[in-house]
Amino acid sequence: MCYHKHSYSKSKTVKTTKISASKRARSAKPAKKAPARQARPLHKRILLHPFTVMVLLCAGVIVVGSTIQSFADSYSVTATVPAVLPSGPAVIGQPIAAQHFSSKPVTVTGTCPVATYVKLYRNATFSGVATCGSQTFQIQTDLAPGANQLEAKVYNVTNQEGPQSPTVVAYYDETTVVPAAPSSAPTTLQIANVESSSYKNGTIRQTSTSPTVTGLAPPYSDIVVTFHSEATYCKTKADGTGWWSCTLAQTLPVGLHRVDVTATTTNGVFLIFPTFQISVLNNLPNLLKPQSLPPLLIGSEYQFQTHYVGQPFTWSFAMHGGTAPYALTIDWGDDSQSNITRTGNTTFTLTHAYPEAKTYTIFAKGQDAKGLNTVLQLNAVVKGQSIGVASLTTSGPLASLFSEVRRYLWIVWPVYTAVVLMAFSYWLGEQEVYMRAKKRRLAHTGKGR
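Keep in mind that what you see is a predicted model, and the values were worked out from it rather than measured. (Residues numbered from 1 in each chain as written. Predicted model: local features only at pLDDT ≥ 70, side-chain atom pairs only at ≥ 80, totals over all residues. Heavy atoms only, no water.)

1. Comments concerning the packing of aromatic side chains
Right, on to step 1. Scanning the model with the defined rule gives twelve aromatic pairs in all.
Right, on to step 2. Measuring from centroid to centroid gives 5.5 Å for Y117 and Y302, while their planes differ by 70 degrees, and the two rings are edge-to-face. With Y117 in strand β4 (residues 117-122) and Y302 in the loop between β18 (297-300) and β19 (306-308), the pair connects residues that are 185 residues apart, well separated along the chain.
Right, on to step 3. Using a relative accessible area of 1% as the deciding quantity, one classes Y117 as buried.
Right, on to step 4. For Y302, a relative accessible area of 5% puts it in the buried group.
Right, on to step 5. Summarising the aromatic geometry, the rings of Y117 and F304 are spaced 5.6 Å apart at their centres and angled 20 degrees between planes, so their arrangement reads as stacked. You can see Y117 sitting in strand β4 and its partner F304 sitting in the loop between β18 and β19, a full 187 residues away along the chain. (Phe/Tyr/Trp six-rings, centres within 6.5 Å; stacked < 30°, edge-to-face > 60°. Helix = DSSP H or I, 4+ residues; strand = E, 2+ residues; numbered from the N terminus. Buried < 20%, exposed > 50% of the residue type's maximum accessible area, 1.4 Å probe, protein only.)

2. Remarks on the state of the cysteines
Right, on to step 1. Scanning the model with the defined rule gives two disulfides in all.
Right, on to step 2. Disulfide pairing places C112 opposite C132 at an S-S distance of 1.9 Å. Across the S-S bond of C112 and C132 the torsion is about 105 degrees, and the bridge reads as right-handed. Of this pair, C112 sits in the loop between β3 (106-111) and β4 while C132 sits in the loop between β5 (125-131) and β6 (136-141), and the two are 20 residues apart along the sequence. For the pair formed by C112 and C132, the shared burial category is buried.
Right, on to step 3. The partner cysteine of C234 in its disulfide is C246, sulfur to sulfur 1.7 Å. Between C234 and C246, the disulfide has an S-S torsion of -115 degrees and is therefore left-handed. With C234 in strand β14 (residues 232-237) and C246 in strand β15 (residues 243-247), this residue pair connects regions lying twelve residues apart in the sequence.
Right, on to step 4. In this structure C246 comes out as buried when scored by relative accessible area, which is 3%. (Disulfide = S-S within 2.5 Å.)

3. Section: the environment of T125
Right, on to step 1. Mapped onto the fold, T125 is located in strand β5.
Right, on to step 2. Assessed through its relative accessible area of 33%, T125 is described here as partly exposed.
Right, on to step 3. Considered as a pair, T125 and L297 are 172 residues apart in the sequence and their alpha carbons are 9.0 Å apart.
Right, on to step 4. Those residues within four positions of T125 in sequence are excluded, and the remaining contacts are L120 and L297. (Contact = heavy atoms within 4.5 Å.)

4. Section: the confidence of the model for the protein chain
Right, on to step 1. The pLDDT averaged across the protein chain works out to 78; a share of 73% of its residues lies at or above 70.
Right, on to step 2. Note on residues 28-40: pLDDT is under 50 here. Beyond four places in sequence and across chains, it has five contacts.
Right, on to step 3. Taken as a whole, residues 387-396 scores under 50 in pLDDT and shows seven contacts with residues more than four places along the chain or in a different chain. (pLDDT = per-residue confidence, 0-100.)

5. Observations regarding the environment of G240
Right, on to step 1. Along the chain, G240 falls in the loop between β14 and β15.
Right, on to step 2. G240 sits in the partly exposed class, given a relative accessible area of 40%.
Right, on to step 3. Remark: the alpha-carbon pair of G240 and S102, spanning 138 residues in sequence, is separated by 9.1 Å.
Right, on to step 4. The residues touching G240, leaving out its near neighbours within four places in the chain, are P219 and Y220.

6. Considering unusual backbone geometry
Right, on to step 1. Following K104, the chain continues to P105 via a peptide bond in cis, the omega torsion being 5 degrees.
Right, on to step 2. Assignment of secondary structure puts P105 in the loop between β2 (99-101) and β3.
Right, on to step 3. Of the consecutive residues A324 and P325, the connecting peptide bond is found in the cis state with omega at 0 degrees.
Right, on to step 4. Here P325 is to be found in the loop between β20 (313-320) and β21 (326-331).
Right, on to step 5. With a phi close to 60 degrees, Q135 is a non-glycine residue in the positive phi region.
Right, on to step 6. As for its placement among the helices and strands, Q135 is situated in the loop between β5 and β6.

7. Here we look at the side chain of T158
Right, on to step 1. Within the secondary structure layout, T158 lies in the loop between β7 (146-155) and β8 (168-172).
Right, on to step 2. Residue classification places T158 among the buried residues on the basis of a relative accessible area of 18%.
Right, on to step 3. A polar contact of 2.9 Å, which involves the side chain of T158, links it to the side chain of N156.
Right, on to step 4. Of the polar contacts made by the side chain of T158, one reaches the side chain of Q160; its length is 3.1 Å. (Polar contact = N/O pair within 3.5 Å; in protein donor to acceptor, adjacent residues only side chain to side chain.)

8. Here we look at the pattern of salt bridges
Right, on to step 1. Scanning the model with the defined rule gives two salt bridges in all.
Right, on to step 2. For the salt bridge of D142 with K104, the shortest nitrogen-to-oxygen distance reads 3.5 Å. Of this pair, D142 sits in the loop between β6 and β7 while K104 sits in the loop between β2 and β3, placing them 38 residues apart in sequence.
Right, on to step 3. What makes D142 buried here is its relative accessible area of 5%.
Right, on to step 4. Judged by its relative accessible area of 33%, K104 is partly exposed.
Right, on to step 5. With a closest N to O distance of 3.2 Å, K237 and D222 form a salt bridge. Here the residue K237 occupies a position in strand β14, and D222 occupies one in strand β13 (residues 222-228), the gap between them amounting to 15 residues.
Right, on to step 6. What makes K237 buried here is its relative accessible area of 16%.
Right, on to step 7. For D222, a relative accessible area of 30% puts it in the partly exposed group. (Salt bridge = Lys/Arg side-chain N within 4 Å of Asp/Glu carboxyl O.)

9. Observations concerning the sheet that holds β20
Right, on to step 1. Strand order in this open sheet of three strands is β18-β20-β23, and the pairing throughout is antiparallel. Pairing within the sheet leaves two strands with one partner each, and these edge strands are β18 and β23 (348-352). Ignoring which end each strand starts from, the neighbouring axes of this sheet average 35 degrees apart.
Right, on to step 2. Bridge analysis of β20 against β23 gives five bridges, and the strand direction is antiparallel. Bridging from a neighbouring strand, F313 pairs with H352 of β23. (Pairing = 2+ DSSP bridges. Axes fitted to C-alpha atoms, helices over the stretch in contact; angles between N-to-C directions.)

As structure tokens, this is what we get:
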């Protein structure tokens, strides 16, 4: 009996052992699957997460948008719309031919066709521009001493020139010696000086080859001084006090010359001074002759163009002649001014934007170191902002952000490209890890079977 019990106990013990091993085997099976779950690629949880993709796309939109904006700012588009040529010329009404002036600037007025603008040229140099409003134009211009040939040229809005108009010659009489104003306005024609010597009847005065004669006449009389034997003329105009001075532009041969002086008053009265003689010497300087310095000019180029409100106009300027340094004052026509100082005659540009839609008249006034003055008239045609024009640079909630990013495109693009490539490389690497883990799992499963 004792042996039988012992044998039964041994059998029971073995059976219990086998069951425990089976349970342990079954409980160990889930532990083998755990590595497969842990080997899931990281890109499926992070790099390809919708939030990560959205961030990369938004960053790409900002970078691309800033780049497009930068390229758009680098180009300007000019379109020419066909326009009808001017139907007629621009005709100068004032000043009249051979009119004399003793002060400047002067105002040139005249007529012109509708839908045109007029450029004024003085001695073949651009001197001002004005639009043709109500078939008339008005331009302020400077004058050089002596004769000034004024020509008005008409253009349509596409800058095509119309018919030519005749030139008008106007004179600027520059007074070099001004005595004390007389107590009353002169009523007769008088000779005061022959160059630097006082005139005396019957006395032959010695002069240079380009003599200067000065005197008095009724205010604003037209004065003509004629030198014989071959008639050579010097023309000028008396000022408001009756004073006048005339220097011959040509040279006279050495020897005796007869001189006749006449005056025509504003009432049409013709006055004659008795003939007198002068003796021209070769080496005698004329102390009263104006210095032949190049006239002071403001150089600029003008092409008709229009801009919308707030869009800046750009003009180029340059100072010519006179004596440096130069002071330039720009009256923009909208109650604002710019003051510029220039030490040379190099070309420079100025920009200005306007707040309202209309045509503005611009006056550029220059002065050199010796006090010489000049003026140049320009204009600016401003239109209201057109409806429906979209601008990436001026509107929209991302405009300021685009503007900031655009400043650093040289470094933004490389950084953004590197981030995208890094994300893609991580994805490829983790994809390879995932595939290897999958192969091992499949191999392990097959081996178990």
